[in-house]
Amino acid sequence: MSELLIMLFLWFLMYCYLILSSVDFGASFYLFYGQAVGHQESAFAPIHDYLSPVSEIINICFVLLFAAAVSLSPEIFLNYQTQLAFSGILAVLLILLKGTCFTLSELLPKSSRLNRICIAGNGISGLLVPPVLSISMVVSEGGFDGPGMDNVIFFVGKLFTNIYFWSVMIITVVSIFYISSMFLTFFARSSRNETLSEKMRGQALFWSMPTVLASGFVFLGLEMQNPDHFMRTLNDSWMFLISLICLLFAVTLIFLKRWYGFSFLLVMAQYFFALFGYGLSHLPYIIYPDIQIPSAVAQEAGRPWFLLVALILSFGTVAAVLMFKSSMVSRNADFKRSNSK
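Residues numbered from 1 in each chain as written. Predicted model: local features only at pLDDT ≥ 70, side-chain atom pairs only at ≥ 80, totals over all residues. Heavy atoms only, no water.

Draft legend 1. Examining the overall build of the chain more closely. A tally of helices and strands in the chain yields 16 helices and two strands. Evaluated residue by residue, the chain yields a buried proportion of 51% over its 341 residues. Sequence separation of 24 or more characterises 78% of the internal contacts of the chain that already satisfy a separation of 6 or more. Surface accessibility of the chain: about 15,900 Å² in total, with carbon and sulfur atoms responsible for 72%. (Helix = DSSP H or I, 4+ residues; strand = E, 2+ residues; numbered from the N terminus. Buried < 20%, exposed > 50% of the residue type's maximum accessible area, 1.4 Å probe, protein only. Contact = heavy atoms within 4.5 Å. Areas by Shrake-Rupley, 256 points an atom, 1.4 Å probe, with all protein chains shown as cover.)

Following this line, the structure appears as structure tokens:
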């Protein structure tokens, strides 16, 4: 029973981190984009009100993820020290860089060159954190153990010549843009900022097609990397079908300029079913082909009640965090407008 609870905690953390970090990292990048690339700083400036140091707390999730995974099987740490250390240390460095850049950008004068550099560092480093953490997902498919893997240079070289690695990197970065733009479209509309809402709506529509293409690329990479797991995903294809339907409906609502809040809930459902389908088809293996959890635990995790509990916990937590943060930003914006009058 304890192992099943750990698995539930693992699903919960993975999903929450996926959505919350994508929104925050994407918002950081769009703030940089509006200032340095798009030359439309005033239009994207309201995104700054959404960002806060509290957002960095979500990065603690990946530490808890690591602890939960190791508690399921201590052999992971013993047999994959180099691979896990490389991913973990690099992610920590990027998180520290992002946090430092964000703090300095808040303290430095807005018109200074150093402030703009810090905003750029905050936006770009945030895009790199999820892909670096996703290296563990690549390693979990097998093929990264054996002679030479204790050497970091050899391990990195094998990563960079692996098709599945690049497919995971692409879908991770594309998802950051897609998830954040979909949420920020709703956020801007609820904040009555039509200019920002239209710009983020355009971004959401633009990134929807790359999301579909990147998803297909991931399945192609998975088939090449681990044919056994790919065949298992076909058994759970109904989850990926639901995920695709959610994407189509969400994009349609954005295109029609209707129900932005509900469209983001569909995005949340899209990634929940995609992530859960991937994870369920991965069981009972943690890392192919040697490390796995007891088959009895894997069977319980595949039951409908487990899916329902994970769905309620994940959806409830993510929605509550995002809605609470958005409401606080909206109140601050209303307060500033009332004082300006």
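Now that the structure has been shown, we can carry on.
Draft legend 2. Quick peek at the confidence of the model for the chain. Scored by pLDDT, the chain has a mean of 83; 84% of the residues are at 70 or more. Here helix α5 (residues 75-79) is the element of the chain with the lowest mean pLDDT, 65, and helix α13 (residues 237-256) is the one with the highest, 94. (pLDDT = per-residue confidence, 0-100.)

Draft legend 3. Highlighting the nonpolar core. Formed by 96 residues in total, the largest nonpolar core has its most connected members in Ile47, Tyr178, Phe183, Phe264, Phe276 and Leu322. In contact with phenylalanine 183, not counting residues within four places along its chain, are Val23, Tyr50, Phe264, Leu322, Met323 and Ser326. (Core = buried A, V, L, I, M, F, W, Y, C linked by side-chain atoms within 4.5 Å.)

Draft legend 4. Fine view of the packing of aromatic side chains. Per the stated rule, a full pass over the model turns up 26 aromatic pairs. With 5.7 Å between their ring centres and 70 degrees between their planes, phenylalanine 29 and phenylalanine 32 make a pair best called edge-to-face. Highlighted residues: phenylalanine 29 and phenylalanine 32, both in helix α1 (residues 2-37), separated by three residues, approximately one helical turn. Classification of phenylalanine 32 as buried rests on a relative accessible area of 12%. Aromatic side chains phenylalanine 219 and phenylalanine 240 sit 5.1 Å apart centroid to centroid with 85 degrees between the ring planes, which places their arrangement in the edge-to-face category. Of the two residues, phenylalanine 219 sits in helix α11 (residues 194-225) while phenylalanine 240 sits in helix α13, which places them 21 residues apart along the sequence. The exposure class assigned to phenylalanine 240 is buried, which follows from its relative accessible area of 17%. By way of ring pairs, the aromatic residues Trp11, Tyr15, Phe272, Phe273, Phe276, Trp305, Phe306 and Phe315 are connected into one cluster. (Phe/Tyr/Trp six-rings, centres within 6.5 Å; stacked < 30°, edge-to-face > 60°.)

Draft legend 5. Just the pattern of salt bridges, in detail. For the structure shown, the criterion picks out four salt bridges. Of the charged contacts in the structure, one is a salt bridge between glutamate 198 and arginine 201, with a shortest N-O distance of 3.7 Å. Remark: arginine 201 and glutamate 198 occur in helix α11; sequence separation between them is three residues, near one turn of the helix. With a relative accessible area of 32%, glutamate 198 lands in the partly exposed category. On the accessibility criterion, arginine 201 (12% relative accessible area) is buried. Taking the shortest distance from any N to any O, the salt bridge between arginine 232 and aspartate 228 comes out at 3.5 Å. Here aspartate 228 and arginine 232 lie together in helix α12 (residues 227-235), a separation of four residues that amounts to about one turn. On the basis of relative accessible area, aspartate 228 is assigned to the partly exposed category, the value being 38%. Each of the salt bridges in this network shares a partner with another, and the network as a whole consists of Glu198, Arg201 and Lys257. (Salt bridge = Lys/Arg side-chain N within 4 Å of Asp/Glu carboxyl O.)

Draft legend 6. Examining the state of the cysteines more closely. Tallied over the full model, the rule gives zero disulfides. The thiol of cysteine 101 is unpaired, and the distance to the nearest cysteine sulfur, on cysteine 118, comes to 5.2 Å. Cysteine 101 sits in the buried class, given a relative accessible area of 10%. (Disulfide = S-S within 2.5 Å.)

Draft legend 7. Representation of the environment of tyrosine 30. Locating tyrosine 30 in the fold gives a position in helix α1. Tyrosine 30 gets classed as buried once you look at its relative accessible area, which sits at 1%. Ignoring any residue separated from it by four or fewer positions in sequence, one finds tyrosine 30 in contact with Phe44, Ile47, Phe177, Ser180, Ser181, Leu184, Met200, Gln203 and Trp207.

Draft legend 8. How the structure looks around a nonpolar patch on the surface. A contiguous nonpolar surface patch, about 750 Å² in accessible area, is contributed by Met209, Val212, Leu213, Leu241, Leu244, Ile245, Leu248 and Phe249. The set of elements that each furnish at least two residues to the nonpolar patch consists of α11 and α13. Examined against the element boundaries, isoleucine 245 turns out to sit in helix α13. The exposure class assigned to isoleucine 245 is partly exposed, which follows from its relative accessible area of 37%. (Patch = residues over 30% accessible without salt bridge, like charges linked within 9 Å, V, L, I, M, F, W, Y side chains within 5 Å.)

Draft legend 9. Looking closely at α12. Within the sequence span of α12, burial applies to His229, Phe230 and Thr233. Viewed along the axis of α12, the buried residues span an arc of 105 degrees, placing them on a single side of the element. (Arc of directions from axis to C-beta.)

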